[in-house]
Amino acid sequence: MSSVTLPEPKKASEPHHGLVKKIREDWGLYLSAAIIAAFILLFLFIPVLKVIFVAFQNQEGSFSLVNFQDFFSSSLFQESFFNSFYVAFMSVIVASIIAMPLAYFTSRFQFKGTVLIQTLGIVPLIMPPFIGAVAMQLLFGENGTMNLLLDEYLGVTIPIMEGLNGVIFVQSVHYFPFILINLSAALQNIDRSMEESAQSLGSSGMRLFRRIVFPLAMPGYVAGASLVFVKVFDDLGTPLLLNVNDMLAPQAYLRISSVGITDPMGYVISVILVAFSAFALWVSFLALRGKDYSTTQKGGGGLSKRELRPMEKVGCYAVIAFILMLVLAPHFALLLLSLGTIWSFSPLPDAYTFDHYTTAITQASDFIYNTLLYAGLAGLVDVILGTAIAYLVWRTKIVGRKWLDFGAMAALAVPGVVLGIGYLRTFYDIDLPIIGTSMATWWGIIVIALSVRRLPYALRSCVAALQQVSPSLEEASSNLGAKRSTTIRRIVVPLMAAGILAGFVTAFATAAVELSATIMLVSQESDAPLAYGLYIFMQSAAGRGPGAALGVIAVLIVGLATYLSHTIVERTRRAHGQKSH
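Read on for an overview of the structure. (Residues numbered from 1 in each chain as written. Predicted model: local features only at pLDDT ≥ 70, side-chain atom pairs only at ≥ 80, totals over all residues. Heavy atoms only, no water.)

### Description of the packing of aromatic side chains
Within the structure shown, the criterion is met by 27 aromatic pairs. Relative to F209, the ring of Y104 lies with its centre 4.7 Å away and its plane at 65°, an arrangement referred to as edge-to-face. Linking Y104 in helix α4 (residues 75-108) with F209 in helix α10 (residues 205-216), this pair joins segments that are 105 residues apart in sequence. On the accessibility criterion, Y104 (10% relative accessible area) is buried. Judged by centre distance (5.2 Å) and plane angle (65°), the rings of F214 and Y221 are edge-to-face. In this arrangement the basic side chain of K402 is found over the ring face of W394, its NZ or CZ atom lying 5.6 Å from the centre. (Phe/Tyr/Trp six-rings, centres within 6.5 Å; stacked < 30°, edge-to-face > 60°. Helix = DSSP H or I, 4+ residues; strand = E, 2+ residues; numbered from the N terminus. Buried < 20%, exposed > 50% of the residue type's maximum accessible area, 1.4 Å probe, protein only. Lys NZ or Arg CZ within 6 Å of the ring centre and 35° of its normal.)

And the structure:
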């Protein structure tokens, strides 16, 4: 009998040969993906995994839970854990109370000035929270304007800025726009015929909002609330400036900066910060799982925006005016502090001067220069990586492309203080050959940290820009004989230019006021950026005037960059809309 050759072994090796063939055909794409993956792996995942690995090691280097036992047996760390959770939870509650009226009134009723109200509502985001903390101390602190006036005329004071209450107040005022933006978008997408049906059945007022409107807008609210929780839970600058150290992020910073990078408690706290960030996002996912919030029409159908009765309109405007005055007060106080000569135990500064700006510009010019350099380089790195990742994920079929998107977006769940600790642990023993210094103390590591932290923002802008470029243009270019690299360089990138620029501006603006990661990585003052300089100035009474002037400069930089980004995006959207018509 003749032997029969079984085909199975050949079939089993086909996928391997197919992958090799694909890599040979698209070696340029795979090489680009490999370089990007190596960057993300080296500067995001390895430092974070190093932190997690050290947290689970004992002094002999073996796996152990002894560090976590020590953490939960310490009354200070137990209190810090509870305080961080309490502050994050209460900040979500207070931020919701601030955001809901603004979102509901401007989305569901005929309201003059809606655009202005919505715009002013997101202004707090352009001021870093740790700068707002100082300004709010001057207005609402024990010896601030409000309590001095209350004590003089009513004989009472309100301890709103003392201890954890101060952190909750500052964080709520700063981060409530996350809920406002997401909730407003969700409210505008609700099919209005649902409200019309409820009204025809006799529902109105708070009952209508509680039973119909808010449940349908729940996805937007949960998205905003989870962001507020994560941001507050991980924030380092605000508790430090308010001298509230019994929270997790300040404890991680103080342990590493005072005891050293060998102290295991800093790593245990970092693991808990990362775990709770992921936990908050998971809970928000569970809250929406298995529920259907879809409606047949987006924002249409049924009644248009409802008219308010005159007295209702007066009441709504009064509520909105109070909220806007409250959330914009820190900007006003910061400006007054930057112009005031002495502001202590009085409702307003004693006199006004521009000397603080002169001092800030002359003494802190290095901070400003470093900030422009670091944030500019970080923004450049981000748009290069963001453009490449967007193209590889959305325009190619290479194996594993989705993991590039996932890896880049994972930076959102990593607090800045954790990334800083991971860099110190991973790169401290690596000496740079030409510079002759440790990689962890080199100024370039700050640029890399900022790039990793802001990559998700630039990536989303680049993806949005690429989605507006029709693939038929690339096919036409290819049919005319152009290589893929030529098509990318001469067709795709120019058409994405507005989105790439918006991504650069967004990354630049947010990196310019980053404190959590940079405060861990600044080894000498000459390398420090603006956020670190602000922190140093604000530590002394004499430095608060120049520090406030620096804060105003930082707000102007971020505000200008934000306005530029919005302008570019809006013009691109209009141009795209005109072309589509």
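### Quick look at the packing of α4 against helix α15 (residues 310-339)
Contact pair α4 / α15: the axes reach a minimum separation of 10 Å and the direction vectors enclose 135°. Here α4 is positioned oblique relative to α15, judged by the angle of their axes. Crossing geometry of α4 relative to α15 is assigned as left-handed. From α4, I98, P101, L102 and F105 reach across to α15, where they touch C316, V319, I320, I323 and V327. For the contact of α4 with α15, the per-class residue count stands at 9 nonpolar, no polar and no charged. (Axes fitted to C-alpha atoms, helices over the stretch in contact; angles between N-to-C directions. Parallel < 35°, antiparallel > 145°, perpendicular 65-115°, else oblique. Left-handed = near helix turned anticlockwise from the far one by under 90°. Contact = heavy atoms within 4.5 Å. Nonpolar A, V, L, I, M, F, W, Y, C, P; charged D, E, K, R; others polar.)

### Let's talk about the pattern of salt bridges
This structure, assessed with the given rule, holds 6 salt bridges. Linking R255 and D263 is a salt bridge whose minimum nitrogen-to-oxygen distance equals 2.9 Å. We classify R255 as partly exposed; its relative accessible area is 24%. Through salt bridges with shared partners, a single network forms among R453, R454 and E514. (Salt bridge = Lys/Arg side-chain N within 4 Å of Asp/Glu carboxyl O.)

### A closer look at unusual backbone geometry
With glycine set apart, most residues show a phi of negative sign, and most peptide bonds adopt trans. Backbone geometry places N243, a non-glycine residue, at a positive phi of 60°. Along the chain, the position of N243 falls in the loop between α12 (237-241) and α13 (248-259).

### A short note on helix α20 (residues 444-467)
Helix length check: α20, at 24 residues, gives a terminal C-alpha distance of 33 Å against a target of 34 Å (1.5 Å per residue), a fit within 8%. In α20, a bend of some 50° at R454 exceeds every other bend along the element, and P456, a proline, comes one to four places later. Burial runs high along α20: 20 of the 24 residues are buried. (Expected span 1.5 Å × (residues − 1). Bend = angle between axes of the 7 residues up to and from the residue.)

### Considering the nonpolar core
Most often, soluble globular proteins keep nonpolar side chains buried together rather than apart. Ranked by internal contacts, the top residues of the largest apolar core, which has 182 residues, are L44, Y423, V452 and I519. In terms of residues, this core owes the most to one element, helix α8 (residues 163-188), which gives 14 residues. Those residues in contact with L44 that sit more than four places away from it in its chain are F39, G407, A410, A411, V414, L419 and V452. (Core = buried A, V, L, I, M, F, W, Y, C linked by side-chain atoms within 4.5 Å.)

### Structural notes on α13
Over its 12 residues, α13 runs 16 Å from end to end, which matches the ideal 16 Å to within 8%, given 1.5 Å per residue. Inspection of α13 places L248, A249, P250, Q251, A252, Y253 and I256 among the buried residues, and these make up the whole buried set. Two residues or fewer after α13 comes G260, characterised by a positive phi angle close to 120°.

### Re the side chain of D405
Residue placement: D405 occurs in helix α18 (residues 401-409). With relative accessibility at 19%, the residue D405 sits in the buried group. Once you skip the residues sitting within four places of it in the chain, D405 turns out to touch I389, V393, L459 and R460.

### Structural notes on the packing of helix α9 (residues 192-200) against α10
For the pair α9 and α10, the least separation of the axes is 11 Å and the interaxial angle reads 165°. In terms of their interaxial angle, α9 and α10 are classed as roughly antiparallel. In the crossing of α9 with α10, the sense of the turn from one axis to the other is right-handed. For the pair formed by α9 and α10, the contact residues are M194, E195, A198 and Q199 on the first element and L208, I212, V213 and L216 on the second.

### Some details on the environment of V447
On the secondary structure map, V447 appears in helix α20. Leave out the neighbours within four places in its chain, and V447 touches Y374, L377 and A378.

### As for the side chain of T353
By secondary structure assignment, the location of T353 is in the loop between α15 and α16 (355-363). Under the relative-accessibility criterion, T353 is labelled buried at 17%. One polar contact links the side chain of T353 to the main-chain amide nitrogen of D355, over a distance of 3.0 Å. Those residues in contact with T353, other than ones at most four positions away along the chain, are S338, L339, G340 and T341. (Polar contact = N/O pair within 3.5 Å; in protein donor to acceptor, adjacent residues only side chain to side chain.)

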